[in-house]
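# A structural walkthrough
If you want the building blocks of each chain, they are given just below.
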Amino acid sequence: MSMNTTTPKSPLRRTLCAALLGAASLSAFAQGSATPYPGQQVIRLVVGYAPGGPTDILARQIAPELAAALGQQVIVDNKAGASGNIGGREVAQARPDGYTLLLGDLTLATNPSLMRSMPFDPLKDLKAVAPLATAPLALVVHPGVPAKSLTELLAYARANPGALSNGTAGSGNLTHLAGEVLKIAADVKIQQVAYRGTAPALADLVGGQISMVITGLSSSAPLIADGRVRPLAVTGKARSRLLPAVPTFTEAMGRPLPELDLGSWWGLFAPAGTPDAVVAQINKAAQKALNQPALRKRLTEMNIEADPGTAEAMAARLKSEHDGWARVIKQAGIEMQ
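Residues numbered from 1 in each chain as written. Predicted model: local features only at pLDDT ≥ 70, side-chain atom pairs only at ≥ 80, totals over all residues. Heavy atoms only, no water.

### Some thoughts on the overall build of the chain
We apply this condition: Secondary structure elements are taken from DSSP: a helix is a run of H or I of four residues or more, a strand is a run of E of two residues or more, and numbering for both begins at the N terminus. Exposure classes here rest on a 1.4 Å probe applied to the protein chains alone. A residue is buried below 20% of its type maximum, exposed above 50%, and partly exposed in between. Note on areas: Shrake-Rupley with a 1.4 Å probe; residue coverage comes only from the protein chains shown.
Per the secondary structure count, the chain includes 13 helices and 11 strands. Looking at the chain as a whole, 47% of its 337 residues qualify as buried. For the chain, the computed accessible surface area is about 16300 Å², with 55% contributed by carbon and sulfur atoms.

Shown next, in the form of structure tokens:
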């Protein structure tokens with residue numbers, strides 16, 4: 001009679017085997033999680049606009065420098081649509097591991113007050129990583145407008161209610177909102193004329209069909225140089241190096257206008273829940289990149305100012321801009337779309 005020489009595993013033996021396997025798996029996981037960021041994985045920098053616009057161009061200037069500072073490839077991924085909301089949602093819903101970042105702009109602060117349906121909450125679903133850059137706007141008027149200063153322009157507006165018209169790049173755009181800030185602060189009536197972009201608004205300004213436009217220096221600087229438009233004020237906390245003789249809005253008004261202290265701005269954001277250590281490393285790389293003289297020179301040539309800073313500073317800026325523009329939009333009676 002044959003005998004079975006295989007001894008069944010006892011409950012104790014099975015328990016010991018499971019414990020050893022679990023310990024081995026935990027050790028492997030720990031070793032994997034200890035891999036220094038960014039490891040071997042490519043970093044995706046999402047842009048919520050089509051290629052060729054200012055946000056996309058800025059991203060493509062910064063990405064190589066950021067890659068060099070991090071020691072890992074950074075690719076620009078355009079997810080255009082809904083005034084930047086498609087790209088923002090993409091990042092808000094991404095895994096919070098530092099490999100998906102958003103190059104966000106002012107629309108993160110304004111869209112919640114302008115759109116009935118937001119696919120994400122910028123204050124809750126994104127984590128600020130670093131401020132990147134700012135770009136001033138200039139208020140320019142047609143040479144035929146009888147005003148050589150902002151004070152004279154506003155005096156003319158008060159004496160001739162509705163006679164002045166401000167061309168904007170579209171409803172809810174910063175060119176529109178900046179005009180509303182001025183109207184509210186000075187208590188004047190200025191017509192807002194919406195265009196499909198800055199270029200047609202400037203074309204009509206040069207042609208004398210409208211009185212003024214508040215727009216970026218990159219588009220207005222050539223017209224200023226040719227004398228086809230006259231600059232009266234610029235956004236920002238300090239005068240532009242391009243227009244040192246032109247005062248800021250705060251200077252020209254003789255009172256603080258905090259909503260116009262920045263103009264356009266851009267920053268880096270990650271999904272909420274991204275580890276602080278990873279955010280700190282990306283922030284350090286961003287500051288290193290923005291302090292490269294070659295990059296600063298390229299940005300200056302684009303009329304953009306590098307603006308390195310802490311993650312906390314970027315978070316505070318987003319909250320301040322969100323709250324400030326919400327008040328302006330409500331006061332101006334701009335309807336949600």
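### Focus: the pattern of salt bridges
The line we're drawing: By definition, a salt bridge exists where a carboxyl oxygen of Asp or Glu is found within 4 Å of a side-chain nitrogen of Lys or Arg.
Under the definition given, this model contains 13 salt bridges. Note that arginine 228 is salt-bridged to aspartate 226, the shortest N-O span being 3.3 Å. For lysine 319, the salt bridge goes to aspartate 323, with nearest N and O atoms at 2.5 Å. One end of the pair is lysine 319 and the other is aspartate 323, both in helix α13 (residues 311-332) and 4 residues apart, which spans about a single turn. When its relative accessible area of 27% is taken as the criterion, aspartate 323 is described as partly exposed.

### A short note on the packing of helix α2 (residues 54-70) against helix α12 (residues 293-301)
Which entries qualify depends on this criterion: Lines fitted to C-alpha atoms define the axes, with helix axes restricted to the stretch in contact, and inter-axis angles between N-to-C directions lie between 0 and 180 degrees. By the definition adopted for this analysis, an angle is roughly parallel if under 35 degrees, roughly antiparallel if over 145, roughly perpendicular if from 65 to 115, and oblique otherwise. Only heavy atoms enter the contact rule, under which two residues are in contact if any of them lie within 4.5 Å. Under the grouping applied here, Gly and all other residues not named as nonpolar or charged are polar, the nonpolar ones being Ala, Val, Leu, Ile, Met, Phe, Trp, Tyr, Cys and Pro and the charged ones Asp, Glu, Lys and Arg.
It is the contact of α2 with α12, at a shortest axis distance of 11 Å, that shows an interaxial angle of 180 degrees. In terms of their interaxial angle, α2 and α12 are classed as roughly antiparallel. The segment α2 lies against α12, with Leu58, Gln61, Ile62 and Glu65 engaging Leu295, Arg298 and Leu299. Class assignment for the residues of the contact of α2 with α12 results in 4 nonpolar, 1 polar and 2 charged.

### Overview of the layout of surface pockets
Cut-off, in case you're wondering: Definitions used throughout: a 1 Å grid over protein atoms alone; a cavity as a set of points that fits a 1.4 Å probe which cannot get out; a pocket as an open set with protein on both sides within 12 Å along at least five of seven lines; a lining residue as one with an atom within 4 Å of a point. Grid points are joined across faces, edges and corners, and a volume is the space filled by probe spheres set on the points.
For the largest pocket, the calculated volume is near 1100 Å³. Contributing to the lining of the largest pocket are 42 residues, with Pro54, Asp105, Asn173, Leu174 and Ser264 lying nearest its centre. Elements represented by at least two residues in the lining of the largest pocket include exactly α2, α4 (107-114), α7 (174-186), β8 (212-216), α9 (217-225) and β10 (264-271). Considering each element in turn, the lining of the largest pocket owes the most residues, 4 residues, to α4. Looking at side-chain class alone, the lining of the largest pocket contains 19 nonpolar, 21 polar and 2 charged residues.

### A word on the sheet that holds strand β7 (residues 191-194)
Note the threshold: By definition, two strands form a pair when at least two bridges between them are found by DSSP.
Strands sit in the order β7-β6-β8-β5-β9 across an open sheet of 5 strands; the sheet is mixed. If you trace the sheet from one side to the other, it starts and ends with β7 and β9 (230-234), each paired once. Neighbour-to-neighbour, the strand axes of this sheet turn through a mean angle of 30 degrees, independent of strand direction. Examined bridge by bridge, strand β5 (residues 137-141) and β9 share 4 bridges and lie antiparallel to one another.

### Regarding the pairing of β7
The line we're drawing: Call a crossover right-handed when, viewed with both strands pointing away from you, the route from the first strand across the helix to the second goes clockwise.
Here 4 bridges tie strand β6 (residues 165-168) to β7, and the two strands are oriented parallel to one another. When the sheet's bridge partners are listed, serine 165 is paired in β7 with glutamine 191. Between the parallel elements β6 and β7, the chain passes through α7 in a crossover that is right-handed.

### Things to note about the sheet that holds strand β11 (residues 305-306)
Taking strand neighbours across the sheet as the criterion, the 6 strands line up as β2-β1-β3-β10-β4-β11 in an open arrangement whose pairing is mixed. On the outer flanks of this sheet lie β2 (74-78) and β11, each paired with one strand and no other. Here 4 bridges tie strand β3 (residues 100-105) to β10, and the two strands are oriented antiparallel to one another. The residue of β10 that forms the bridge with glycine 104 is glycine 267. Of the strands in this sheet, β3, β4 (126-135), β10 and β11 are in contact with helix α11 (residues 276-290), which crosses β4 at around 10 degrees.

### Side note on the side chain of threonine 274
Summarising the element assignment, threonine 274 is placed in the loop between β10 and α11. If we skip the residues at most four places from it in the chain, threonine 274 touches Pro96, Asp97, Gly98, Lys127 and Val279.

### Concerning α11
As a reminder of what qualifies: A helix is expected to span 1.5 Å for every residue after the first. The arc under discussion is defined with respect to the helix axis, by the directions toward the C-beta atoms.
Its 15 residues place the ends of α11 21 Å apart at the C-alpha level, agreeing with the 21 Å of an ideal helix rising 1.5 Å per residue. The complete set of buried residues in α11 reads Val278, Val279, Ile282, Asn283, Ala285, Ala286, Ala289 and Leu290. Along the long axis of α11, the arc covered by the buried residues comes to 165 degrees, so they all point the same way. Of the residues in α11, the exposed ones pointing more than 90 degrees away from the buried face are Asp276, Ala277 and Lys284.

### Topic: the packing of α4 against α13
To be explicit about the condition: The sense of a crossing depends on the near helix, which, turned anticlockwise from the far helix by less than a right angle, makes the crossing left-handed and, turned clockwise, makes it right-handed.
Running from N to C, α4 and α13 cross one another at 40 degrees; their axes reach a closest spacing of 8 Å. For α4 against α13, the interelement crossing comes out right-handed. Between α4, through Leu108, Ala109, Thr110, Pro112, Ser113 and Leu114, and α13, the contact on the second element is made entirely by Leu318, Glu321, His322, Trp325, Ala326 and Ile329. Classifying every residue of the contact of α4 with α13 by side-chain character gives 8 nonpolar, 3 polar and 1 charged.

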